[in-house]
Amino acid sequence: GAVAAFVWPGFLVSAEPATAPVVPPVSAPAAADPVALTTPASVGPYTKLTGGPAAALTQAVTGSTLPGLTGPVSAVYGTGTTPAVTVIAWSSATPVGASAIPSAFAGFQGATSAVVTDITTTPVSAGGEMRCGTTVVSGAPASLCFWADEATFGSVTVLEPTSAESAADTATAVRAAVVGG
């Protein structure tokens, strides 16, 4: 249950290139230095979890490669031992651009056959944007968010959010904690 709810390796690694998200090449000037990403011990009311879900996510992310992205980090956050939020993030030497976000949603949908609806956009720091949508992960309602900015790209999944707005707030807070701003 919980591992499947948060690990969708088809998004990260796929034998079928058509199901993996394609991060388009960018021609923008290079960023000064890649951002050092971190996964803090806690974000808001959630504590970083260890064990099965976190290990499975780390294994999937560590074995992943996305063109132009390096230094992946991931974490599962929750309350007690119950996962509630996951984050996966990469650094980039060049701006990824918001055009990568629709490809990421398409990769998720292709890998999981889950539909993402009600996608909204939120500006984030570093000249970026985050888009969040409603979906179902392992039979449970979830909000799936992807962001892209001048130096990072990533995703946050919030399982069983109380509302789309609270999920977007959680995702924005998790992103800020991971990228440092």
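Residues numbered from 1 in each chain as written. Predicted model: local features only at pLDDT ≥ 70, side-chain atom pairs only at ≥ 80, totals over all residues. Heavy atoms only, no water.

**Overview of the overall build of the chain**
If you tally the helices and strands in the chain, you get 5 helices and 8 strands. Counted from the first residue to the last, the chain has its helices and strands arranged as α-α-β-β-α-β-β-α-β-β-β-β-α. At a minimum sequence separation of 6, the contacts of the chain that also span at least 24 residues come to 62%. Roughly 7900 Å² of accessible area belongs to the chain as shown, and the carbon and sulfur atoms make up 60% of that amount. (Helix = DSSP H or I, 4+ residues; strand = E, 2+ residues; numbered from the N terminus. Contact = heavy atoms within 4.5 Å. Areas by Shrake-Rupley, 256 points an atom, 1.4 Å probe, with all protein chains shown as cover.)

**Some points on the pairing of strand β4 (residues 82-92)**
The buried count for β4 comes to 10 of 11 residues, which makes it a mostly enclosed element. With 9 bridges connecting them, strand β3 (residues 69-79) and β4 associate as antiparallel partners. In the strand pairing of β4, G78 is matched with P83. Hairpin connection from β3 to β4: 2 residues lie between these consecutive antiparallel strands, with G80 at a positive phi of about 65°. (Buried < 20%, exposed > 50% of the residue type's maximum accessible area, 1.4 Å probe, protein only. Pairing = 2+ DSSP bridges.)

**Looking at the packing of aromatic side chains**
Working definition: an aromatic ring pair is given by the centre-to-centre distance plus the angle between the planes. Applying the stated rule across the entire model yields 3 aromatic pairs. When the ring of F105 is compared with that of F146, the centres are 4.9 Å apart and the planes differ by 85°; the resulting orientation is edge-to-face. Residue F105 is found in helix α4 (residues 100-112), and its partner F146 is found in strand β7 (residues 140-148); the two are separated by 41 residues along the sequence. By relative accessible area, which is 4% here, F105 ends up buried. Their ring planes at 15° and their centres at 6.3 Å tell us that F146 and F153 sit as a pair that is stacked. Comparing F146 with F153, the two get one shared label, buried. In textbook terms, an aromatic cluster arises when at least three aromatic residues are bridged by ring pairs, as seen for W90, F105, F146 and F153. (Phe/Tyr/Trp six-rings, centres within 6.5 Å; stacked < 30°, edge-to-face > 60°.)

**A short note on the confidence of the model for the chain**
Per-chain confidence: the chain averages 81 in pLDDT, with 81% of residues scoring 70 or above. Considering only residues more than four positions removed or in separate chains, one finds that residues 1-32, a stretch of pLDDT under 50, has 77 contacts. (pLDDT = per-residue confidence, 0-100.)

**Some points on the sheet that holds strand β6 (residues 128-137)**
With respect to topology, 8 strands assemble into an open sheet ordered β1-β2-β3-β4-β8-β7-β6-β5, the strand pairing being antiparallel. The sheet terminates laterally at β1 (42-43) and β5 (117-124), the two strands that pair on one side only.

**Some thoughts on the pairing of β7**
Across the 9 residues that make up β7, a large majority, 8, are buried. In the sheet, β6 pairs with β7 via 9 bridges, with the strands oriented antiparallel. Paired with G133 across the bridge in β7 is L144. Linking two consecutive strands that pair antiparallel, namely β6 and β7, is a turn of 2 residues; a positive phi of about 50° is found at S138 within it. Across 7 bridges, β7 lies against strand β8 (residues 152-159) in antiparallel orientation. Opposite S143, over in β8, you have V158 as the bridge partner.

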